[in-house]
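Tertiary structure, described
Read off the chains here:
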Amino acid sequence: MINVSTITSDDFVKVSVIDTGIGMSKEKQDKLLHNTDYNRSWGTIGEKGLGLGLQLVKEFTKVNQGVMTIESEENVGTTITVSLPIYQKSSDDK
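So, how was this worked out
- Residues numbered from 1 in each chain as written.
- Predicted model: local features only at pLDDT ≥ 70, side-chain atom pairs only at ≥ 80, totals over all residues.
- Heavy atoms only, no water.
- Salt bridge = Lys/Arg side-chain N within 4 Å of Asp/Glu carboxyl O.
- Helix = DSSP H or I, 4+ residues; strand = E, 2+ residues; numbered from the N terminus.
- Buried < 20%, exposed > 50% of the residue type's maximum accessible area, 1.4 Å probe, protein only.
- Contact = heavy atoms within 4.5 Å.

1. Digging into the pattern of salt bridges
Under the defined criterion, the tally for this structure stands at one salt bridge. In this structure, the salt-bridge partner of Lys26 is Asp30, at a minimum N-O distance of 3.6 Å. In this pair, Lys26 and Asp30 both sit in helix α1 (residues 26-34), four residues apart, roughly one turn of the helix.

2. Structural notes on the environment of Thr81
Inspection of the secondary structure puts Thr81 in strand β6 (residues 77-85). Its relative accessible area of 12% is what places Thr81 among the buried residues. For the pair formed by Thr81 and Val4, sequence separation is 77 residues and the distance between their alpha carbons is 9.7 Å. Contact partners of Thr81, with chain neighbours within four places excluded, come to Lys14, Val15, Ser16, Val67, Met68 and Thr69.

Shown next, in the form of structure tokens:
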């Protein structure tokens, strides 16, 4: 199962993607957040993955002054949350 939720405040929007898949070890979470290595892994139904999609999300988030977090427990699931600043258009912007 996959669930997507959003929360907004005056300054940020948070988008969370929550799944009930195989989860990730702390080591894998750290690699995704801090490395640029793409390590092949296997998903819930045996599909191949490189982690490239999450690397792209991480870079997009960084470029837009946001923060990406990962909360995961093996054999339970994962929550990826992206927090992005909300751009407030001022009267000087055209």
